[in-house]
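# Inside the fold
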Amino acid sequence: MRSINRFSYLQSWGEKRSQWLAASESLWEIAQLDIQLFINPWSVAQWEELLTTDQNYILGSLQRRGNIMAFALLLYNPWEELGHLLKIFVHPEYRKKHIGIDLWQKVQKVSELQGAKRIYLEVEKSNHAANSFYQKLGFVSLNEVSHFYGAGRCALTYHLILN
Ligand SMILES: CC(C)(COP(=O)(O)OP(=O)(O)OC[C@H]1O[C@@H](n2cnc3c(N)ncnc32)[C@H](O)[C@@H]1OP(=O)(O)O)[C@@H](O)C(=O)NCCC(=O)NCCS
């Protein structure tokens, strides 16, 4: 039987806030993946802060048979019509199968429906997979920020203009 990937998203703002709070269990599941497997994980406190935030976060995920395969976290600023992609992560088992592209396209659509005109992000310069991934998605490199991730760990910034 063919497995179906299910996309869902949560939003921390406006009418969707109650759903965000009600889904704190799945948010915590994503936080666990981040903490265990991400190169630059957030602390537990940073994840917990998402439950009290009054900012507009969008958390998209792809699941298969109830397991989280991938997630992306974006902070959206409606006044600047600007999205800041904070994290995108595909579980190691599912990498290089275009799951990341699929997830991003869906999160991009949610952001566009919110009114986003531009997305920007930072990524560690040495993270070749992620740099190639963003370039493939059409992100354009802007500049280099020294020591962004700690001593000697440089970031590249990228942006994507949306139609
Ligand atoms: C970066 C990441 C999200 C890519 O997800 P993915 O599902 O494996 O990527 P996709 O299969 O959708 O690949 C899309 C394109 O990205 C590029 N790409 C992805 N992984 C790559 C790799 N390991 N090496 C080189 N290019 C890569 C390729 O251009 C690829 O297109 P192609 O298959 O037609 O050549 C994934 O590697 C990941 O979760 N990494 C750890 C977390 C991370 O570093 N996140 C980004 C920083 S916040």
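Above: the structure in question.
First, a word on what this report is: a plain description of the structure on this page.

Moving on: the sheet that holds strand β5 (residues 118-124). Pairing between sheet strands relies on hydrogen bonds along the backbone, with the strands arranged either parallel or antiparallel. Here we have seven strands laid out as an open sheet, ordered β1-β2-β3-β4-β5-β7-β6, and mixed in their pairing. Edge strands, defined here as strands with exactly one partner in the open sheet, are β1 (5-11) and β6 (140-145). Strand-to-strand twist of the sheet, defined as the mean angle between neighbouring strand axes without regard to direction, takes the value 25°. Alignment of β5 against strand β7 (residues 155-161), held across seven bridges, turns out to be antiparallel. Bridge pairing links Glu 124 to Ala 155 in β7. Those strands touched by helix α4 (residues 99-114) are β1, β2 (56-64), β3 (67-77), β4 (82-90) and β5, and its axis lies near 35° from that of β3.

Another point: the site of the ligand. Residues in contact with the ligand amount to 20 residues; listed here are only the nearest, Arg 95, Gly 100, Ala 129, Ala 130 and Ser 132. Those elements that provide at least two residues to the shell around the ligand are β4, α4 and α5 (128-136). For the shell around the ligand, the element with the highest residue contribution is α5, accounting for six residues. Looking at the shell around the ligand residue by residue, the classes come out as 10 nonpolar, five polar and five charged.

A separate point is the pairing of β7. Note: β6 against β7, four bridges, orientation antiparallel. Looking at the pairing, Ser 141 lines up with Tyr 158 of β7.

Relative to the elements of secondary structure, Val 90 occurs in strand β4. Taking the C-alpha atoms as reference, Val 90 lies 14 Å from Asn 131; in sequence the two are 41 residues apart. Sequence-distant contacts of Val 90, defined by excluding residues within four places in its chain, comprise Met 69, Ala 70, Arg 95, Ile 99 and Gly 100.

What counts, and at which threshold
- Residues numbered from 1 in each chain as written.
- Predicted model: local features only at pLDDT ≥ 70, side-chain atom pairs only at ≥ 80, totals over all residues.
- Pairing = 2+ DSSP bridges.
- Helix = DSSP H or I, 4+ residues; strand = E, 2+ residues; numbered from the N terminus.
- Axes fitted to C-alpha atoms, helices over the stretch in contact; angles between N-to-C directions.
- Contact = placed C-beta atoms within 7 Å.
- Near = placed C-beta within 6 Å.
- Nonpolar A, V, L, I, M, F, W, Y, C, P; charged D, E, K, R; others polar.

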